[in-house]
Amino acid sequence: MNQPLIFSIVAAGFTVAFFHTAIPTHWLPFALTGRAQGWSHAKTLTITGFAALGHTAFTTFLGVLVALLGMTVDRWTGQIFPWIAGGVLFIFGAFFLVRQATGRGHVHFLHGHDHGHEHDHGPHDHTHGHDGHAHHTYTLPLISEPRMVRVPGKAISDRAAIISLLTLLTFSPCEGFLPIYVSAVRLGWAGFALSSLVLAFATTAGMLTFTALTMSGLNRIRLEAIEKYESGILGLVLCLLAIVIVFAEG
């Protein structure tokens, strides 16, 4: 196998997947729900781990479609495929860089997370809504800008809470990782398997790390910069990977 290409896929894949999990939707709901439901840290992290696997599984399913299409094109195009794959990656990278330059650095499309939520201010608030259920308001400990998020306080069963959390991540794939599968096509199904393992490891490690840090109450870690510049980071990684593919395989 092409060693430079393998290293590039692993490095790029890990970078994209791990930094993608820094988005609050990948750890904040688990930390807050665990606190509201009275779960132990171990239980909360276990549920987070299963959600990470579901997130990975759905992304991998989409990756299978990408790989099948790429391998078909590879058979048709032969020696020029590295240029095609590199061009596709470069286009994706340029797209994300343009998004960053135009002030739309966050790229988690399916969540529509544009910070349009209502936020209150204060360390903790306990109120009762019109539905008669208790609600808690918590400070986000890992974000320097004061923000508050309301979550149900033991108003639902553990089973319903777990299903909601698993569904939240499972059916919201890591779109930014799909171009990595394009780059792995030249390595066949072995490359696909390698990419999927990197995705699973980085996603699980990232979600567990950020969830654990949140539950620990650490407040000196600034993650909003990662979220703000996610598109730029992804674009730069994809453009560099495109160059590697062209020079290593072209």
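Note: the structure precedes this text.
Residues numbered from 1 in each chain as written. Predicted model: local features only at pLDDT ≥ 70, side-chain atom pairs only at ≥ 80, totals over all residues. Heavy atoms only, no water.

Asks: So, helix H5 (residues 158–170): which residues are in play, and what are the values?
Replies: Relative to the 18 Å expected for 13 residues at 1.5 Å per residue, H5 spans 18 Å between its end C-alpha atoms, a close match to the ideal helical length. Turning to H5, its buried residues number three or more, namely Ala161, Leu165, Leu169 and Thr170. Along the axis of H5, the buried residues cluster in a sector spanning 155 degrees; they form a single face. (Helix = DSSP H or I, 4+ residues; strand = E, 2+ residues; numbered from the N terminus. Expected span 1.5 Å × (residues − 1). Buried < 20%, exposed > 50% of the residue type's maximum accessible area, 1.4 Å probe, protein only. Arc of directions from axis to C-beta.)

Asks: Explain the pattern of salt bridges residue by residue, including any values.
Replies: Side chains that carry opposite charge are capable of pairing whenever their charged atoms lie near each other. This structure, assessed with the given rule, holds 1 salt bridge. Among the salt bridges present, the one from Asp158 reaches Lys43, with a minimum N-O distance of 3.1 Å. One end of the pair, Asp158, is in helix H5; the other, Lys43, is in helix H3 (residues 41–77), and 115 residues separate them in sequence. Residue classification places Asp158 among the partly exposed residues on the basis of a relative accessible area of 23%. (Salt bridge = Lys/Arg side-chain N within 4 Å of Asp/Glu carboxyl O.)

Asks: Provide a residue-level description of the environment of Ala67, including the pertinent values.
Replies: Note on placement: Ala67 falls in helix H3. The spacing of Ala67 and Gly188 is 121 residues in sequence and 8.2 Å in space, taken between C-alpha atoms. If sequence neighbours within four positions are ignored, Ala67 has contacts with Val185, Trp189 and Phe192. (Contact = heavy atoms within 4.5 Å.)

Asks: Which residues make up the nonpolar core, and what are the values?
Replies: One recurring pattern in soluble globular proteins: nonpolar side chains tend to sit buried together. Grouped together as the largest cluster of nonpolar side chains are 28 residues, with contacts concentrated most on Leu89, Phe177 and Ile180. Among the secondary structure elements, those contributing two or more residues to this core are helix H1 (3–20), H3, helix H4 (81–101), helix H6 (178–184), helix H7 (188–215) and helix H9 (230–249). If sequence neighbours within four positions are ignored, Ile180 has contacts with Ile9, Ala12, Gly13, Val16, Ser195, Leu238 and Leu241. One finds Ile47, Ala51, Ala52 and Leu165 within the second-largest nonpolar core, a separate group that totals 9 residues. (Core = buried A, V, L, I, M, F, W, Y, C linked by side-chain atoms within 4.5 Å.)

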